[in-house]
Amino acid sequence: MSLPLSFVSWNCRGGLSFNRKEHFIRNMVSTNNLSFIGLLESKKEVVGEFLVSKLWPNLDYKFDFIPSVGASGGILLIWNSMMNNVSTSKGHRCIVLDFLFDAVPCRHILIYASNVASERMVFWRDIQAFLCFPGTILISGDFNETLSPEDRLHGAGFTPSMVAFRDFVNNAKLFDLPLQGRSFTWQNSHSRSRIDRCLISAAASSAWPNMSLLALPRGQSDHVPICFRSANKIDWGPKPFRSIDAWWDHNDFEEFVKASWGEICLNSSNLIQRLKEFRRRIKGWNSDVFGEQSQKIKPLQKRFRSRRLLGSQARPRLLRNKSCVNSKRNCGQRRRD
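The structure presented is a predicted model; accordingly, all values stated were derived computationally and were not measured.

Caption draft 1: Main features of unusual backbone geometry. Even without glycine at this site, Asn33 takes up a positive phi of about 50°. As for its position among the elements, Asn33 is in the loop between helix H1 (19–31) and strand S2 (36–40). Unlike most non-glycine residues, Lys173 shows phi in positive territory, near 55°. Given a relative accessible area of 66%, Lys173 falls into the exposed group.

Caption draft 2: Representation of the sheet that holds strand S4 (residues 75–80) in the model. With mixed pairing, the seven strands of this open sheet are ordered in space as S3-S4-S2-S1-S15-S14-S10. Among the strands making up the open sheet, the edge pair consists of strand S3 (61–66) and strand S10 (179–180). Two strands pair when backbone bridges link them, and strand S14 (residues 212–215) and strand S15 (residues 226–229) are joined in this way by four bridges, in the antiparallel orientation. When the sheet's bridge partners are listed, Ala215 is paired in S15 with Ile226.

Caption draft 3: Fine view of the pairing of S2. For S2, the tally of buried residues reaches five of five residues, placing the bulk of the element in the interior. Residues of S2 alternate between two faces, with Phe36, Gly38 and Leu40 on one and Ile37 and Leu39 on the opposite face, all of them buried. Where strand S1 (residues 6–11) meets S2, five bridges bridge the pair, whose relative direction is parallel. Residue pairing for S2: Asn11 is matched across the bridge by Leu40.

Caption draft 4: Representation of the packing of helix H3 (residues 117–127) against helix H4 (residues 160–171). In the contact formed by H3 and H4, the axes pass within 10 Å of each other and the chain directions differ by 5°. What the angle tells us is that H3 and H4 run roughly parallel. Where H3 approaches H4, its residues Ala117, Arg120, Met121, Trp124 and Ile127 are matched on the opposing element by Pro160, Ser161, Ala164, Phe165 and Phe168. Taken together, the residues of the contact of H3 with H4 break down into eight nonpolar, one polar and one charged.

Caption draft 5: Representation of the sheet that holds strand S8 (residues 136–142). Here six strands make up an open sheet; going across it, the order is S5-S6-S7-S8-S13-S9 and the pairing mixed. Sheet topology places strand S5 (84–91) and strand S9 (175–176) at the edges, where each strand pairs with a single neighbour. Of the strand pairs in this sheet, S8 and strand S13 (residues 196–200) are connected by five bridges, and their pairing is antiparallel. Across the sheet, the residue bridging to Asp142 is Asp196, located in S13. Contacting strand S6 (94–101), strand S7 (104–112) and S8, H3 crosses the sheet at an angle of about 165° to S7.

Caption draft 6: Focus on the packing of aromatic side chains. Applying the stated rule across the entire model yields 16 aromatic pairs. Ring plane angle 50° and centroid distance 5.2 Å describe the contact between Trp10 and Phe24, whose orientation is recorded as tilted. Taken as a pair, Trp10 in strand S1 and Phe24 in helix H1 lie far apart in primary sequence, 14 residues in all. With relative accessibility at 0%, the residue Trp10 sits in the buried group. Grouping aromatic residues by their ring pairs yields a cluster made of Phe7, Phe36, Phe99, Phe101, Trp208 and Phe228. One residue, Lys90, lies across the ring of Phe65, its end atom 5.6 Å from the ring centre. When the ring centre of Tyr112 is taken as reference, the NZ or CZ atom of Arg93 above it lies at 5.1 Å.

Caption draft 7: Molecular detail of the nonpolar core. Residues Leu5, Phe36, Phe99, Trp208 and Phe228 are the most contacted members of the largest nonpolar core, which totals 29 residues. Put simply, the parts of the chain that give this core at least two residues each are S2, S4, S6, S7, S13, S14 and S15. Per-element tally for this core: the top contributor is S6, with four residues. If you look at the next biggest cluster of nonpolar residues, it comprises 22 residues, including Val8, Cys12, Leu39 and Ile78.

Caption draft 8: Representation of the pattern of salt bridges within the structure. Per the stated rule, a full pass over the model turns up 14 salt bridges. Via salt bridges that share partners, Arg13, Glu41, Lys43 and Asp222 belong to a single interconnected network.

Caption draft 9: Spotlight on helix H7 (residues 271–290). Taking 1.5 Å of rise per residue, 20 residues should cover 28 Å, and H7 covers 26 Å from first to last C-alpha, within 8% of that figure. Burial in H7 covers these residues: Arg274, Phe278, Arg281, Ile282, Trp285, Asn286 and Phe290. Across the axial projection of H7, the buried residues extend over an arc of 145°, all falling on one side. Residues Ile272, Lys276, Arg280 and Asp288 are exposed on H7 and point more than 90 degrees away from its buried face.

Thresholds, definitions, all that
Residues numbered from 1 in each chain as written. Predicted model: local features only at pLDDT ≥ 70, side-chain atom pairs only at ≥ 80, totals over all residues. Heavy atoms only, no water. Helix = DSSP H or I, 4+ residues; strand = E, 2+ residues; numbered from the N terminus. Buried < 20%, exposed > 50% of the residue type's maximum accessible area, 1.4 Å probe, protein only. Pairing = 2+ DSSP bridges. Axes fitted to C-alpha atoms, helices over the stretch in contact; angles between N-to-C directions. Parallel < 35°, antiparallel > 145°, perpendicular 65-115°, else oblique. Contact = heavy atoms within 4.5 Å. Nonpolar A, V, L, I, M, F, W, Y, C, P; charged D, E, K, R; others polar. Phe/Tyr/Trp six-rings, centres within 6.5 Å; stacked < 30°, edge-to-face > 60°. Lys NZ or Arg CZ within 6 Å of the ring centre and 35° of its normal. Core = buried A, V, L, I, M, F, W, Y, C linked by side-chain atoms within 4.5 Å. Salt bridge = Lys/Arg side-chain N within 4 Å of Asp/Glu carboxyl O. Expected span 1.5 Å × (residues − 1). Arc of directions from axis to C-beta.

What follows is the structure, encoded as structure tokens:
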């Protein structure tokens, strides 16, 4: 079974050459095991290998970009070169990424819509040309528009540009993926809104019934990164509590168990709460009195490796000494003959 499809789109507000932002992006890619990342408002007229290598955590990457106009705009898309059957194309203010995922053709459209309402209305019509695709379609990025008044702090009523955006979504038969973790994706000192989002086709709903869109921590931008996952991480529940046999060989452990359990039973009648508190106390005893086994094992492993290394260095010397002894014996034997 392949890893889930995971990607991020983020209006980073430039600054891609700053160490803090480079580290933030690289860590975001690694932590979320991203297949690709779309960075909007790169503010870069030219993007080269040197810059991208500092944003992606390994050498398995390819990229494409739309240059900024001076210090305004710009789009950068970086993807894992291990992805299958990848091709890209560009439109006005968007990069289209086609690929195969689990043998299903997919198309992702990374967009950075204008902040001018009249230009956005034209842009929605331009995007229609990329929606004729026999597979799963995802559109993510900064739409610079809200779908409803609830998407804006103290929003009231629909504006003509909001209606045009809603018409585009409905006519294209797209669905707005609900955002988890935050109500808004952009904010300044007096306003907040949800203008970053991910739209999906009906085929995506069928292919990935457990998909999600999560707002990641904000970093050096007034926008938050949004992360799509085709499947949620499986929660196997809490790790089971394990008793270590060596505990019972400790002189104080049995008495500690009796005293702790007796005190816990006096303070609570709820069995689940008793067991939780009992587990907490034993973990504390293991750490403070008995000592964490992992911490004890590490120095032993280090000593074992050092002794093994010394043994491997001494063995050739012994072999050489043995060969010298045999050589002297053979010489003596030949003299006697």
